[in-house]
Amino acid sequence: MMGPLMENPSELWLRRDHKHDLAFRPLETALEKGVIDAMYSQSKVLSGLSELTGKFKSIEDLSRYPDWTLQVANIPAAITCTDVMAEKHPELAVAFMKGMIKVGRWANEHKRAAAAILDKQTFYRDVEDTYEGIRRVDMVPNLSPQNLVSVDIGKQFMLSHGYIKNDFDVSKWAAPEFLEQAARELLEAEWKKKTTAKLPETTELQAASRRIG
């Protein structure tokens, strides 16, 4: 049913047709059958896919308003881990963040190539639409004040509607130390690479016995 055998379980996500799989837009069927009178899509992108079917039309677009808090719906995409990983294996969290930083930097420098990759798992219409959606976006993870407030808005909504039962302080929940250490290690590695690139190669004996200064 899924086509050729997968070499890696993670490939299952890549094989899903995000743009046509109604599992990602479950309310469309209910709206088409008249079970509901209207539906909310978390983004203009998803609404656009609904409209492409020719069966639906948008009656409101929150992205038209200058109030950015109206557009907080599952954004920003928070990177999370368990407390066990954070406390007992912080090196794994740092390694993951180093990978995310490097990927983000590459995507920032190669936006069209990144769009071609992301289009396989996003809800934009096509590669060009994906590019338009990400070309002004900084793809490197960050814990900016606005991002933290956005997370808090989402948390408050889920708490007030009973989707989560326990309240928490987002500013204390966030763990900037992993991102900071990852960025620091990448900077140190880059500096070491650049500063030693033009040094003459030495033997192990020379490296052990040479003294500078």
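A few points on the structure. (Residues numbered from 1 in each chain as written. Predicted model: local features only at pLDDT ≥ 70, side-chain atom pairs only at ≥ 80, totals over all residues. Heavy atoms only, no water.)

**Describing the overall build of the protein chain**
Point 1. Each helix and strand counted, the protein chain has 11 helices and zero strands in total.
Point 2. Each helix and strand of the protein chain, ordered N terminal to C terminal, gives the series α-α-α-α-α-α-α-α-α-α-α.
Point 3. Going through the 213 residues of the protein chain one by one, you find that 20% of them count as buried.
Point 4. Surface summary for the protein chain: the accessible area is close to 16,300 Å², and the carbon and sulfur share equals 58%. (Helix = DSSP H or I, 4+ residues; strand = E, 2+ residues; numbered from the N terminus. Buried < 20%, exposed > 50% of the residue type's maximum accessible area, 1.4 Å probe, protein only. Areas by Shrake-Rupley, 256 points an atom, 1.4 Å probe, with all protein chains shown as cover.)

**Describing the nonpolar core**
Here is a general trend for soluble globular proteins: nonpolar side chains tend to be buried in one another's company.
Point 1. Ala 93, Val 94, Met 97, Ile 101, Val 140, Phe 178, Leu 179, Ala 182 and Leu 186 form the largest nonpolar core, which has nine residues in total.
Point 2. Contributions of two or more residues to this core are made by helix H5 (90-109) and helix H10 (176-196).
Point 3. Ala 107, Ala 114, Tyr 131 and Ile 134 belong to the second largest nonpolar core, which has five residues in total. (Core = buried A, V, L, I, M, F, W, Y, C linked by side-chain atoms within 4.5 Å.)

**Topic: the layout of surface pockets**
Point 1. As a volume, the second largest pocket reaches approximately 750 Å³.
Point 2. Lining the second largest pocket are 29 residues, with Gln 42, Val 72, Ala 73, Asn 74 and Phe 157 positioned closest to its centre.
Point 3. The leading source of residues in the lining of the second largest pocket is helix H8 (residues 145-160), at seven residues.
Point 4. Broken down by class, the residue content of the lining of the second largest pocket amounts to 19 nonpolar, seven polar and three charged. (1 Å grid on protein atoms, 1.4 Å probe; cavity = no way out; pocket = protein on both sides within 12 Å on 5 of 7 lines; lining within 4 Å. Points joined across faces, edges and corners; volume = space filled by probe spheres on them. Nonpolar A, V, L, I, M, F, W, Y, C, P; charged D, E, K, R; others polar.)

**Side note on a nonpolar patch on the surface**
Point 1. A grouping of Tyr 40, Leu 62, Tyr 65 and Leu 70 is seen on the molecular surface, where their side chains present a nonpolar patch of about 360 Å² in accessible area.
Point 2. Relative to the assigned elements, Leu 70 resides in the loop between helix H3 (44-52) and helix H4 (83-88). (Patch = residues over 30% accessible without salt bridge, like charges linked within 9 Å, V, L, I, M, F, W, Y side chains within 5 Å. Salt bridge = Lys/Arg side-chain N within 4 Å of Asp/Glu carboxyl O.)

**Some words on the packing of aromatic side chains**
Point 1. Per the stated rule, a full pass over the model turns up three aromatic pairs.
Point 2. Taking 6.4 Å as the distance between ring centres and 20 degrees as the angle between the ring planes, the aromatic pair formed by Phe 157 and Tyr 163 counts as stacked.
Point 3. A residue is classified by how much of its surface remains accessible, and Phe 157, at 46% relative accessible area, is partly exposed.
Point 4. Under the relative-accessibility criterion, Tyr 163 is labelled exposed at 61%.
Point 5. Where Phe 168 meets Trp 173, the ring centres are 5.7 Å apart and the plane angle is 55 degrees; that geometry is what we call tilted.
Point 6. For Phe 168, a relative accessible area of 32% translates into the label partly exposed.
Point 7. Using a relative accessible area of 43% as the deciding quantity, one classes Trp 173 as partly exposed.
Point 8. In this arrangement the basic side chain of Arg 112 is found over the ring face of Tyr 131, its NZ or CZ atom lying 3.8 Å from the centre.
Point 9. When the ring centre of Phe 168 is taken as reference, the NZ or CZ atom of Lys 155 above it lies at 5.3 Å. (Phe/Tyr/Trp six-rings, centres within 6.5 Å; stacked < 30°, edge-to-face > 60°. Lys NZ or Arg CZ within 6 Å of the ring centre and 35° of its normal.)

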